[in-house]
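Observations on the three-dimensional arrangement
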Amino acid sequence: MSAIPAEAITAESKADTVGQYDDLVNAGYEHGFVTEIESDTLPPGLDEGVVRAISARKGEPEWMTEWRLAAYRKWLDMPTPTWAAVHYPPIDYQAISYFSAPKKKEGPKSLDEVDPILLETYQKLGIPIEEQKALAGIAVDAVFDSVSVATTFREKLHEAGVIFCSISEAVQEYPELVQKYLGTVVPPTDNFYTGLNSAVFTDGTFVYVPKNTRCPMELSTYFRINTANTGQFERTLIVADEGSYVSYLEGCTAPQRDENQLHAAVVELIALDDAEIKYSTVQNWYPGDEDGKGGIYNFVTKRGDCRGHRSKISWTQVETGSAITWKYPSCILRGDDSVGEFYSVAVTKGRQQADTGTKMIHLGKNTSSTIVSKGISAQHGQQAYRGLVRIAARAEGARNHTQCDSLLIGDKSSAHTFPYIEVKNSSAKMEHEATTSKISDDQLFYCRSRGLSEEDAVSMIVNGFCKEVFNELPMEFAVEAQKLLSISLEGAVG
Amino acid sequence: MLSVKGLKATVGDKEILRGLDLEVGPGEVHAIMGPNGSGKSTFAHVLSGREGYEVTAGSAKLDGTDLFELDPEERARLGLFLAFQYPVELPGVNNMYFLKAALNAIRKSRGEDELDAVSFMRLMKEKLKVLHLDDSLLKRPVNFGFSGGEKKRNEIFQMAMLEPKLAILDETDSGLDIDALRIVADGVNALRSPERSMIVVTHYQRLLDYIEPDYVHVLAKGQIIRSGGKELALELEEKGYGWIVDGEAA
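Residues numbered from 1 in each chain as written. Chains lettered and ligands numbered in written order. Predicted model: local features only at pLDDT ≥ 70, side-chain atom pairs only at ≥ 80, totals over all residues. Heavy atoms only, no water.

Details of the pattern of salt bridges
All names here are of chain A. Threshold: By definition, a salt bridge exists where a carboxyl oxygen of Asp or Glu is found within 4 Å of a side-chain nitrogen of Lys or Arg. The numbering of helices and of strands both runs from the N terminus, where a helix is a DSSP run of H or I of at least 4 residues and a strand a run of E of at least 2. Summary of the burial criterion: residues with accessible area below 20% of their type's maximum are buried, those above 50% are exposed, and those between are partly exposed, where the area comes from a 1.4 Å probe applied to protein chains only.
Per the counting criterion, the structure on display carries 29 salt bridges over all chains. The partner of Arg235 in a salt bridge is Glu268, and the shortest N-O contact between them spans 3.0 Å. Taken together, the positions of Arg235 in strand E6 (residues 234-240) and Glu268 in strand E9 (residues 266-271) put the pair 33 residues apart, joining distant regions of the chain. Comparing Arg235 with Glu268 shows no difference in burial state: the two are buried. Lys327 is the salt-bridge partner of Glu319, the closest N and O atoms lying 2.2 Å from each other.

What follows is the structure in structure tokens.
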């Protein structure tokens with residue numbers, strides 16, 4: 001039995017990382033938590049009545065209401081986590097409205113009213129005009145082509161027997177599946193935000209892939225247009241039955257604005273014997289203005305359970321948005337010979353803060369996990385990689401490879417690495433590599449002496465740094481992610 | 001082509017170049033030799049625009065354009081190329097992709113059409129043939145994990161692709177064994193043309209056995225103290241630098 005104590009590796013390019021968050025900490029909720037009392041919106045505040053009201057409005061069966069209430073009661077006694085290396089003012093949970101009917105919100109009337117910087121980014125990403133309107137929150141009557149695309153997709157999925165619908169729909173249509181799996185990977189009591197989410201989640205996605213079925217296409221929320229407004233407490237449940245395969249894409253490379261400042265989503269993945277789930281995320285929520293004001297707080301709990309033997313769950317994420325990211329997509333390797341993977345690129349610039357990483361919990365025999373984390377910090381960006389690899393006593397022959405690289409741009413950004421390793425079985429094979437580097441002046445000069453502009457040089461070097469992760473993304477997503485990264489880092493040098 | 005007049009440059013408080021004059025005509029190959037610390041590499045870096053040097057006096061004009069008014073990338077687009085003494089590694093950046101981006105940045109700045117993948121591949125194959133190189137380096141990340149010889153060959157290949165007006169080879173012979181040296185020198189010779197000038201910066205005469213210069217200059221203490229034909233290089237090889245440098249100082 002051996003335990004390696006947690007070791008914190010910290011790399012800071014300058015020691016002035018404490019004072020610089022004063023502004024952020026003092027920033028008010030200028031854009032967040034704006035509650036407009038509409039007929040279909042509950043007033044701010046949270047109590048049992050509100051939880052019941054949400055459940056009632058969604059016409060949920062009693063078991064669902066009770067499940068929510070149980071979560072709510074436990075949540076009342078739970079503390080907010082304070083261990084993450086992020087700083088923000090305390091959140092008043094009684095000031096939030098927990099239900100807003102998915103109606104068209106009062107948004108900008110036309111593109112003329114939208115932040116020109118946002119529009120510029122849309123144009124750089126090559127997003128069609130109608131889509132730009134939708135992203136900027138302008139009411140669009142006919143949602144371009146994807147209506148027909150979505151219909152075609154649904155028929156194809158139906159033929160294969162794949163269930164892909166909103167979680168609300170699933171509660172009504174497939175209650176036995178939801179009851180069997182909901183909360184079994186991320187219990188409501190897991191942490192403060194999962195407790196809150198379990199009590200008040202308004203919508204999200206449900207996927208079930210039947211036995212020995214290979215899902216005929218990449219599933220993406222992008223095409224699930226009828227539930228565009230999933231709100232701030234999103235709930236996703238994906239079940240891959242024995243011998244099945246599914247690839248799921250979440251998010252969008254275009255910067256998304258949202259009037260809700262706090263996002264506390266829960267994602268649960270379950271892979272049974274010989275099943276594989278590939279979950280890819282590109283997250284680009286509004287990061288706030290130059291001072292970090294108005295940006296999204298992304299406090300999300302994502303966990304996959306390799307419940308069956310020889311099952312595999314793979315997380316790939318590209319995180320460029322949000323003011324604060326608190327996120328650790330994890331794998332429980334329960335089945336023998338199961339495999340967990342985590343590939344991550346996280347970018348922080350301006351006043352963005354990210355504390356992200358993964359947990360690989362090895363319970364089954366001959367389980368293996370791979371962690372590749374690439375962190376990029378520019379300007380005052382601050383980020384921490386926090387990872388746990390736990391090998392249980394009965395996990396004979398477990399293997400882990402962790403690679404954790406940080407890239408600093410400029411002299412005010414910082415990167416921290418907190419790898420935790422707990423090994424209780426001496427047959428485990430563990431590898432850990434960590435590097436911190438800066439884009440060197442030599443590299444920049446070399447590129448420039450070949451005719452490339454400084455910005456192109458930075459984007460080329462950064463994309464090279466992230467290559468191992470981009471290689472894991474589905475093709476078209478990878479191309480978009482690369483473009484996104486270049487745009488994110490424009491003007492970040494100097 | 002290149003006209004350098006009274007160039008003075010400092011690093012920190014230290015003056016490295018102390019009034020350097022050099023005229024390079026079209027198609028000419030000039031060798032700049034000199035003892036360690038004479039300012040050879042500084043001269044190459046100052047011309048290509050590396051940060052960390054301050055030009056305190058003098059001018060450098062390429063076809064009439066003042067280089068010191070331009071950023072490094074603008075100088076490259078104008079037709080200046082520096083083959084590095086220590087080529088820099090760019091992990092994860094594909095060599096072909098890098099070259100295509102560089103070439104297109106240069107073409108674009110000249111109002112030429114950017115090359116598509118097919119035309120780029122065609123051009124690349126052509127240049128590989130001229131230089132007698134195979135394509136094994138192209139699929140790897142730029143200089144990453146390359147041997148010393150591979151790095152230098154890659155520099156010469158980049159030069160072939162970017163077709164500069166003026167190429168500066170900064171101690172291209174350093175760290176090369178005799179076979180690698182010959183391959184690199186053959187490449188350079190293949191790229192000689194009436195429109196392309198070259199400045200070959202070197203410490204040893206050895207490289208000049210393979211790349212025959214039109215002119216040889218001796219740089220010492222930040223100035224060119226002796227110029228001559230290729231026979232000057234042989235004299236230096238025989239007698240060392242002492243006789244000129246000390247003679248000048250006396």
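Side note on the interface of chain B and chain A
Test applied: Throughout, a residue-residue contact means that at least one pair of heavy atoms, one from each residue, lies within 4.5 Å. Here the quantity called buried area is the total loss of accessible area, with a 1.4 Å probe, experienced by two parts when brought into contact, counted for both. Under this definition, polar contacts are N or O atom pairs within 3.5 Å; protein pairs additionally need one hydrogen-donor-capable and one acceptor-capable atom, and for neighbouring residues in sequence, both atoms have to be side-chain atoms. Each residue is assigned to one class: nonpolar for Ala, Val, Leu, Ile, Met, Phe, Trp, Tyr, Cys and Pro, charged for Asp, Glu, Lys and Arg, and polar for all the others, Gly among them.
Between chain B and chain A, the residue contacts involve 33 residues of the former and 17 residues of the latter. Summing both sides of the interface, chain B and chain A together bury roughly 2000 Å²; the carbon and sulfur share of this comes to 62%. Here chain B is connected to chain A by four salt bridges. Where chain B packs against chain A, one counts 11 residue pairs in polar contact (both at pLDDT 80 or more). Every element with two or more residues in the side of chain B that touches chain A is listed here: helix H2 (72-78), strand E6 (80-83), helix H3 (95-109) and helix H5 (148-162) of chain B. Among the elements that line the side of chain B that touches chain A, the one with the most residues is H3(B), at six residues. Grouping the constituent residues of the side of chain B that touches chain A by class yields 20 nonpolar, six polar and seven charged.

So, the environment of B:Glu212
All names here are of chain B. Among the secondary structure elements, Glu212 is positioned in the loop between strand E8 (197-202) and strand E9 (215-220). For the pair Glu212 and Leu115, spaced 97 residues apart in sequence, the C-alpha to C-alpha distance is 34 Å. Residues within four places of Glu212 in sequence aside, it is in contact with Val29, Arg192 and Lys230. A polar contact is formed between the side chain of Glu212 and the side chain of Lys230, at a distance of 2.8 Å.

Overview of the packing of H3(B) against helix H4 (residues 117-131) of chain B
Residue and element names in this part refer to chain B. The condition is simple: The convention used is that axes are lines fitted to C-alpha atoms, helices contributing only their stretch in contact, and that angles between N-to-C directions extend from 0 to 180 degrees. Oblique is the label for any angle not covered by the other classes, which are roughly parallel (under 35 degrees), roughly antiparallel (over 145) and roughly perpendicular (65 to 115).
At a minimum axis distance of 11 Å, the contact between H3 and H4 shows a crossing angle of 105 degrees. Between H3 and H4, the interaxial angle falls into the category roughly perpendicular. Packed against H3, whose contacting residues are Met96, Leu99, Lys100 and Leu103, the element H4 presents Ala117, Phe120, Met121, Leu123 and Met124 at the interface. A per-class count over the contact of H3 with H4 returns eight nonpolar, no polar and one charged.

Observations regarding helix H13 (residues 475-488) of chain A
Definition in use: Here a helix's expected span is defined as the number of its residues, less one, multiplied by 1.5 Å.
Helix length check: H13(A) (14 residues) gives 20 Å between terminal C-alpha atoms against 20 Å at 1.5 Å per residue, within 8%. The complete set of buried residues in H13(A) reads A:Phe477, A:Ala478, A:Ala481, A:Leu484, A:Leu485, A:Ile487 and A:Ser488.

A short note on the pairing of strand E15 (residues 339-348) of chain A
Residues and elements named next belong to chain A. Filter applied, for reference: Here, any two strands with at least 2 DSSP bridges between them count as paired.
With nine of its 10 residues buried, E15 lies for the most part within the structure. Examined bridge by bridge, strand E12 (residues 312-319) and E15 share eight bridges and lie parallel to one another. Within E15, the position partnered with Val318 by the bridge is Val345. Bridging between E15 and strand E17 (residues 368-377) involves 10 bridges; their strand directions are parallel. Following the sheet pairing, Glu341 is matched in E17 by Thr370.

Re unusual backbone geometry
Positive phi values are uncommon outside glycine, yet A:Asp274 reaches one of about 60 degrees. Checked against the element boundaries, A:Asp274 lands in the loop between E9 and strand E10 (276-283). Located in the positive-phi region is B:Asp63, a residue other than glycine, with phi close to 50 degrees. Position of B:Asp63 among the secondary structure elements: in the loop between strand E4 (54-62) and strand E5 (65-66).

As for the sheet that holds E4(B)
Residue and element names in this part refer to chain B. Read from one edge to the other, the open sheet built from four strands follows the order E2-E1-E4-E5, with strand pairing classed as antiparallel. At either end of the open sheet lies a strand with only one pairing partner, and these are strand E2 (14-24) and E5. Examined bridge by bridge, strand E1 (residues 2-11) and E4 share seven bridges and lie antiparallel to one another. Note on E4: the bridge partner recorded for Lys8 is Ala57.

Some details on the side chain of A:Ser247
All names here are of chain A. For Ser247, the position within the fold is in strand E7 (residues 245-251). The class of Ser247 is buried, set by a relative accessible area of 4%. Beyond its immediate chain neighbours, meaning those up to four positions away, Ser247 contacts Met217, Glu218, Leu219 and Lys278.

Here we look at the packing of aromatic side chains
To keep it simple, the criterion reads: Two aromatic rings, drawn from Phe, Tyr or Trp (for Trp, its six-membered ring), form a pair once their centres lie within 6.5 Å of each other, and the interplanar angle then sorts them: stacked below 30 degrees, edge-to-face above 60, tilted otherwise.
On inspection of all chains with the given rule, the structure shows 16 aromatic pairs over all chains. The interplanar angle of 80 degrees and the centroid separation of 5.5 Å between the aromatic rings of A:Trp326 and A:Tyr328 together place this pair among those described as edge-to-face. We note that A:Trp326, like A:Tyr328, is buried. Seen from their ring centres, A:Tyr446 and B:Phe84 are 4.8 Å apart, and the 75 degrees between their planes marks the pair as edge-to-face. Of this pair, A:Tyr446 sits in helix H10 (residues 441-448) while B:Phe84 sits in the loop between E6 and H3, placing the two residues on different chains. By the burial criterion, A:Tyr446 is buried, and B:Phe84 matches it.

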